[in-house]
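# Fold and geometry: a report
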Amino acid sequence: MLDLATPWVLLLAPLPLLAMRLLRPAEARGGALAVPDRIGAALLRASGTAAARRDIRLTHVLRWGAWALLLLALAGPRTLAPVQALKVSGRDLAIALDLSGSMVRDDFYLDEAQVTRLEAVQRVGADFARRRAGDRVALIFFGSQAYFATPFTFDVEAVARAIEAATIGISGRATNISDGLGLALKRMETSEAASKVVILLSDGSNNAGTTDPRGVAGLAASMGVRVHTIALGPKDLTEAETGERGVVDAATLRAISEVSGGTTFRVRTTEDLAEVADALDRLEATDSDGLSAEVYHEHWTWPAGLAALLILGLAWRDR
């Protein structure tokens, strides 16, 4: 429905009439032309013809039309655009992804093609992030060190793109689970969210840093932060041979989730990873009432453009 942003502007419509009545007309100075009486009488008769009167009326119509259109443009005609309400869950969710050197192993399959662990995580993780509309999501990468790839934001598309652009080695090639989880908790210290969740994915064992991941999980529990862990890889420490590389410490990840009140998932294939994403969606549902916003489409350019055309027409007629 069309409405006006500043309808009081229309009260200025009679302003030209008031100006004509209250202001004295300017006195003509110079420019007088003396003509014989016979010619002067002919000019006076011509000014009173029907054509001349029509010309004067048309000029008045153009002037008042331009004035009315200018007032309408200043009043700000607009229509309310339908906008889908943004769901807000009241949850802060941090995704901590392992970017250690073992993520380059190509023991996963996507669309029947062999891919690296990182490529599988990027495909499923980016899709999971895009489904978190309503959550305030942050992304953390960790290897030898941990750093924030994106701060907490409602722009889940930006988080998904950051996951898709992740590169092995940018945070070192070791696996420092404690720092990855600790950095997420540090950013949640000042959070006022009703629910605080960390999703931590790793494909290795904690082999960097001096802090025990179980101790960091205890800190998460004291802060009211649930940590869901994902143990990624075909083998874990209990199944691997002594000294075998690229195996995941599923027991430690399970302990982290149990201490903090979260859930642990064991992922051996891409299908497992997709099922985990669906399970996390069910555990941390985003259904909630949304925040509505009024967004208007402005239409003042149309009357302003028409007024400009009328003013140009008047200028051409005067010429």
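Here's what I pulled together on the structure shown here. (Residues numbered from 1 in each chain as written. Predicted model: local features only at pLDDT ≥ 70, side-chain atom pairs only at ≥ 80, totals over all residues. Heavy atoms only, no water.)

## Some words on helix α10 (residues 301-318)
For clarity, the cut-off: Helix and strand labels come from DSSP, where a helix needs a run of H or I of at least four residues and a strand needs a run of E of at least two; each type is numbered from the N terminus. Expected span of a helix, by definition, is 1.5 Å for each gap between consecutive residues, and there is one gap fewer than residues. When a residue's accessible area, from a 1.4 Å probe over protein chains only, is under 20% of the maximum for its type it is buried; when over 50% it is exposed; and in between it is partly exposed. Here the arc refers to the directions that run from the helix axis out to each C-beta atom.
Between its first and last C-alpha, α10 extends 26 Å over 18 residues, near the 26 Å set by a 1.5 Å rise per residue. Every buried residue belonging to α10 is among Pro303, Ala307 and Leu314, and all of these are buried. Buried residues in α10, looked at end-on, bunch into an arc of 40°, giving them a common side. In α10, the exposed residues that point more than 90 degrees away from the buried face are Trp302, Leu309, Leu312 and Trp316.

## What about a nonpolar patch on the surface?
Selection rule: Patch construction takes residues with relative accessible area above 30% that form no salt bridge. Like charges are linked within 9 Å, and nonpolar side chains (Val, Leu, Ile, Met, Phe, Trp, Tyr) are linked within 5 Å. Residue-level accessible areas treat just the shown protein chains as cover; the underlying method is Shrake-Rupley with a 1.4 Å probe. Throughout this description, the term salt bridge denotes a Lys or Arg side-chain nitrogen within 4 Å of a carboxyl oxygen of Asp or Glu.
Judged by side-chain polarity, Trp8, Leu11, Leu12, Leu15, Leu18, Leu22 and Leu23 come together as a nonpolar surface patch covering roughly 800 Å² of accessible area. Checked against the element boundaries, leucine 15 lands in helix α1 (residues 15-22).

## Some remarks on the pattern of salt bridges
Using the criterion set out here, one finds 13 salt bridges in the structure. For the salt bridge of aspartate 281 with arginine 131, the shortest nitrogen-to-oxygen distance reads 2.6 Å. Of the two residues, aspartate 281 sits in helix α9 (residues 270-283) while arginine 131 sits in the loop between α4 (117-130) and β7 (136-142), which places them 150 residues apart along the sequence. Arginine 131 sits in the partly exposed class, given a relative accessible area of 29%. With a closest N to O distance of 2.5 Å, aspartate 281 and arginine 132 form a salt bridge. A residue pair is termed long-range when its members are at least 10 positions apart, and aspartate 281 in helix α9 and arginine 132 in the loop between α4 and β7 qualify at 149 residues. Several salt bridges converge on common partners, so that one network encompasses Arg91, Asp127, Arg131, Arg132, Asp135, Asp278 and Asp281.

## Let's talk about the packing of aromatic side chains
For clarity, the threshold we go by: Two rings belonging to Phe, Tyr or Trp (six-membered ring only in the last case) form a pair when the distance between their centres is within 6.5 Å. Interplanar angles under 30 degrees mark stacking, angles over 60 mark edge-to-face geometry, and anything in between is tilted. For a Lys NZ or an Arg CZ to count as sitting over a ring, it must be within 6 Å of the ring centre and within 35 degrees of the ring normal.
In the structure shown here, the tally under the stated rule is two aromatic pairs. Between phenylalanine 141 and tyrosine 147, the aromatic rings sit 6.0 Å apart at their centres with planes inclined by 75°, giving edge-to-face as the arrangement. Taking the ring centre of tyrosine 296 as reference, the NZ or CZ of arginine 78 above it sits at 3.8 Å.

## Focus on the environment of alanine 308
Secondary-structure assignment places alanine 308 in helix α10. Overall, the relative accessible area of 37% leaves alanine 308 in the partly exposed class. With 242 residues separating them in the primary sequence, alanine 308 and alanine 66 have C-alpha atoms 7.4 Å apart.

## Some words on the side chain of lysine 196
Applied cut-off: In this charge count, Lys and Arg are treated as positive and Asp and Glu as negative; neither His nor the chain ends contribute. In this description, contact between two residues means that some pair of their heavy atoms is separated by no more than 4.5 Å.
Counting through the fold element by element, lysine 196 comes out in strand β9 (residues 195-202). Despite being buried, lysine 196 has no salt bridge partner; aspartate 92 is the closest side chain of opposite charge, sitting 7.4 Å away. Leaving out residues up to four positions away in the same chain, lysine 196 has contacts with Asp92, Met188, Ser191, Met223, Gly224, Val225 and Arg226.

## Considering the nonpolar core
Using the following cut-off: Working definition of a nonpolar core: buried Ala, Val, Leu, Ile, Met, Phe, Trp, Tyr and Cys residues. They are joined through side-chain atoms within 4.5 Å.
Among the nonpolar cores identified, the biggest contains 37 residues, and Leu97, Leu139, Leu201, Ile230 and Leu273 are the most heavily contacted of them. Here the element with the most residues in this core is α4; it accounts for seven residues. Phe148, Phe152, Val225 and Ala231 belong to the second-largest nonpolar core, a separate cluster that totals 26 residues.

## Some remarks on the packing of helix α7 (residues 213-222) against helix α8 (residues 250-260)
Put simply, the rule reads: Comment: axis = line fitted to C-alpha atoms, over the contacting stretch for helices; angle = value between 0 and 180 degrees taken between N-to-C directions. Here the angle decides the label: under 35 degrees means roughly parallel, over 145 means roughly antiparallel, 65 to 115 means roughly perpendicular, and every other value means oblique. By convention the crossing between two helices is left-handed if the near helix lies anticlockwise of the far one by an angle smaller than a right angle, and right-handed if it lies clockwise.
It is the contact of α7 with α8, at a shortest axis distance of 8 Å, that shows an interaxial angle of 20°. In terms of axis orientation, α7 runs roughly parallel to α8. As for how α7 packs across α8, the hand of that crossing is right-handed. Contacts from Pro213, Arg214, Ala217, Gly218, Ala220 and Ala221 in α7 reach Ala251, Thr252, Ala255, Ile256, Val259 and Ser260 in α8.

## What to know about the pairing of β7
Heads up, the condition is: Pairing between two strands is assigned when DSSP locates at least 2 bridges connecting them.
For β7, the buried fraction is high: six of the seven residues fall into the buried class. Across seven bridges, strand β4 (residues 91-98) lies against β7 in parallel orientation. The residue of β7 that forms the bridge with aspartate 98 is phenylalanine 142. In this structure, β7 lies alongside strand β8 (residues 146-153), joined through five bridges in antiparallel fashion.

## Side note on the sheet that holds β7
Across a sheet, strands are paired by hydrogen bonds formed along the backbone, either parallel or antiparallel in direction. Strand order across the open sheet formed by six strands is β8-β7-β4-β9-β10-β11, with mixed pairing between neighbours. Lying at the two open borders of the sheet, with one neighbouring strand each, are β8 and β11 (264-267). Each strand of the sheet is rotated relative to its neighbour by a mean of 15°, with strand direction disregarded. The pairing of β9 with strand β10 (residues 225-232) spans seven bridges and is classified as parallel. Within β10, the position partnered with isoleucine 199 by the bridge is histidine 228. Contacts from α8 reach β9, β10 and β11 within the one sheet, and its direction differs from that of β10 by about 165°.

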